[in-house]
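Coordinates in review
So the chains spell out like this:
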Amino acid sequence: MGKPLTISIGKMSHLEELFITSFRDEEILDFESISSPLRSLRFSLRYRLKEFLNWISVLQNLRGLTLRFTRLRNIKDLPNLEFIYLHQAYDGEELHFQECSFRRLKLLIVGKLEGLKVVKMDREALPHLEQLDIGDCLLLEEIPSNIEHLPNLKSLIIKDMTREFVASLQPNGGSHYWKIEHVTFVTILLKYGGWATFKKYRLGEPSLLELLQ
């Protein structure tokens, strides 16, 4: 099934949106058999991959990228990308945004990266990032490095993270609050009741601080 599909995709020279979903976790799709790069403006992949796709790196018109369950070990720079969503898409312990990378990215969402412990953002990486969402990365030890140097970051959403992580961001005592005090809107989402039910809190909110005791 995999090879005929990728051959067919490679012939779609004017494709603008591509969404591919696998229904079996163990199934791996070999996209490298695509002979010519797509010109897709939006690309969504819910499929296991062996490695980051080389031809994605040369998609000059790509604006949005969604990767789910891909289990990659590396993420390459896409200079024109404005949106990226990673959900169970990365298996590494460290996610590193190198200097001057992702220069047009405005929205970054990372969710359920189960092995992730560190996020590094070099100076001058992600200079136009406006919103950062971090959710259910339970081994992540602290807020990304150099987040304080993101001049356009207006919204930070922290969802279903550990008590220690959330506590470190609180004003009046949080060890990493100084890194995010320039962010206009910081939202904390914590589960309550049912498994998919979340309650929204603001930084320093008394009811949130009580939960963190």
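Just so it is clear, the model here is predicted, and its values are computed rather than measured.

In terms of regular secondary structure, the protein is built from four helices and 11 strands. Scored against the burial criterion, the 213 residues of the protein give a buried share of 43%. Considering only residue pairs separated by 6 or more positions, the protein has 46% of its internal contacts joining residues 24 or more positions apart.

Time to look at the pattern of salt bridges. Tallied over the entire structure, the rule returns nine salt bridges. Between lysine 179 and glutamate 142 there is a salt bridge whose closest N-O contact spans 3.5 Å. Here glutamate 142 lies in the loop between strand E8 (131-135) and strand E9 (155-159) and lysine 179 lies in helix H3 (residues 177-180), a separation of 37 residues in the sequence. The exposure class of lysine 179 is buried, given its relative accessible area of 8%. Assessed through its relative accessible area of 34%, glutamate 142 is described here as partly exposed. Several salt bridges share partner residues, and in doing so they unite Lys112, Glu114 and Asp136 into one network.

This brings us to the nonpolar core. Core analysis: the largest hydrophobic core is formed by 45 residues, its most contacted members being Phe97, Leu108, Leu126, Leu132, Ile134, Ile143 and Ile158. In terms of residues, this core owes the most to one element, strand E10 (residues 185-191), which gives three residues. Excluding its chain neighbours within four sequence positions, the residues that come into contact with isoleucine 143 are Ile134, Leu156, Ile158, Phe165, Leu169, His176, Lys179 and Ile180.

Okay, empty space enclosed by the protein next. Inspection of the entire model under this criterion finds three cavities of 30 Å³ or more. By volume, the largest cavity amounts to about 40 Å³. Lining the largest cavity are Leu95, Phe97, Leu108, Val110, Val119, Met121, Leu132, Ile134 and Pro144. Looking at the lining of the largest cavity, the elements with two or more residues in it are strand E5 (94-97), strand E6 (107-111), strand E7 (118-121) and E8.

Our next topic: the pairing of strand E3 (residues 64-68). Of all five residues that make up E3, four are buried, and the element is covered over most of its length. Two elements, E3 and strand E4 (residues 83-87), share five bridges in a ladder whose sense is parallel. Looking across to E4, one finds that leucine 65 is bridged to isoleucine 84.

Take the packing of aromatic side chains next. Tallied over the full model, the rule gives one aromatic pair. Seen in terms of ring centroids, phenylalanine 97 and phenylalanine 102 are 5.6 Å apart; in terms of plane orientation they differ by 75 degrees. Their pairing is edge-to-face. A cation sits over an aromatic face here: lysine 159 above phenylalanine 198, 4.6 Å from the ring centre.

It is worth spelling out unusual backbone geometry at this point. Positive phi is not limited to glycine here, since phenylalanine 102 has a value of about 50 degrees. Assignment of secondary structure puts phenylalanine 102 in the loop between E5 and E6. Judged by relative accessible area, phenylalanine 102 falls into the buried class, the value being 4%. Positive phi is not limited to glycine here, since aspartate 160 has a value of about 55 degrees. Examined against the element boundaries, aspartate 160 turns out to sit in the loop between E9 and helix H2 (163-167).

A few words on the layout of surface pockets. Roughly 360 Å³ of internal volume is contained in the largest pocket. Every residue lining the largest pocket is counted, 19 residues in all, and those nearest its centre are His87, Gly135, Asp136, Lys159 and Phe198. Breaking the lining of the largest pocket down by element, the ones donating at least two residues are E4, E6, E8, E9 and E10. Each residue belonging to the lining of the largest pocket can be placed in one class, and the counts come to nine nonpolar, three polar and seven charged.

Judged from the five bridges that link them, E4 and E6 form a sheet pairing that is parallel. From the neighbouring strand, leucine 86 faces E6, where its bridge partner is valine 110.

Looking at where arginine 163 falls in the secondary structure, it is placed in helix H2. Among the residues examined, arginine 163 registers a relative accessible area of 41% and is labelled partly exposed. In the structure, arginine 163 is positioned 25 residues away from leucine 138 in sequence and 9.8 Å away in space, judged by C-alpha atoms.

What counts, and where the lines are drawn
- Per chain, residue numbering runs from 1 following the sequence as it is written.
- Residue-level local features of this predicted model are given only where pLDDT is at least 70; pairs of side-chain atoms are given and counted only at 80 or more, and the full residue set underlies all totals for whole chains, interfaces and linings.
- The side-chain quantities take in all heavy atoms of the structure and omit both hydrogens and water.
- In this description a helix means any DSSP run of H or I spanning at least four residues, a strand means any run of E spanning at least two, and both kinds are numbered starting from the N terminus.
- Categorising residues by exposure relies on relative accessible area from a 1.4 Å probe, with only protein chains included: less than 20% of the type maximum marks a residue as buried, more than 50% marks it as exposed, and the intermediate range marks it as partly exposed.
- Contacts: residue pairs with any heavy atoms within 4.5 Å of one another.
- By definition, a salt bridge exists where a carboxyl oxygen of Asp or Glu is found within 4 Å of a side-chain nitrogen of Lys or Arg.
- In this description, a nonpolar core means a group of buried Ala, Val, Leu, Ile, Met, Phe, Trp, Tyr and Cys residues linked to one another through side-chain atoms lying within 4.5 Å.
- Both site types are read off a 1 Å grid over the protein atoms alone. A 1.4 Å probe that fits but cannot get out defines a cavity, while an open set with protein on both sides within 12 Å along at least five of seven lines defines a pocket; lining residues have an atom within 4 Å of a point.
- Grid points are joined across faces, edges and corners, and a volume is the space filled by probe spheres set on the points.
- In this scheme, strands are said to pair when DSSP sees at least two bridges between them.
- What counts as a ring pair is set by centres within 6.5 Å for rings of Phe, Tyr and Trp (its six-membered ring), and what kind of pair is set by the plane angle: stacked under 30 degrees, edge-to-face over 60, tilted for all other angles.
- Whether a charge sits over a ring comes down to the Lys NZ or Arg CZ being within 6 Å of the ring centre and within 35 degrees of the ring normal.
- Charged means Asp, Glu, Lys or Arg here, nonpolar means Ala, Val, Leu, Ile, Met, Phe, Trp, Tyr, Cys or Pro, and polar covers whatever is left, Gly included.

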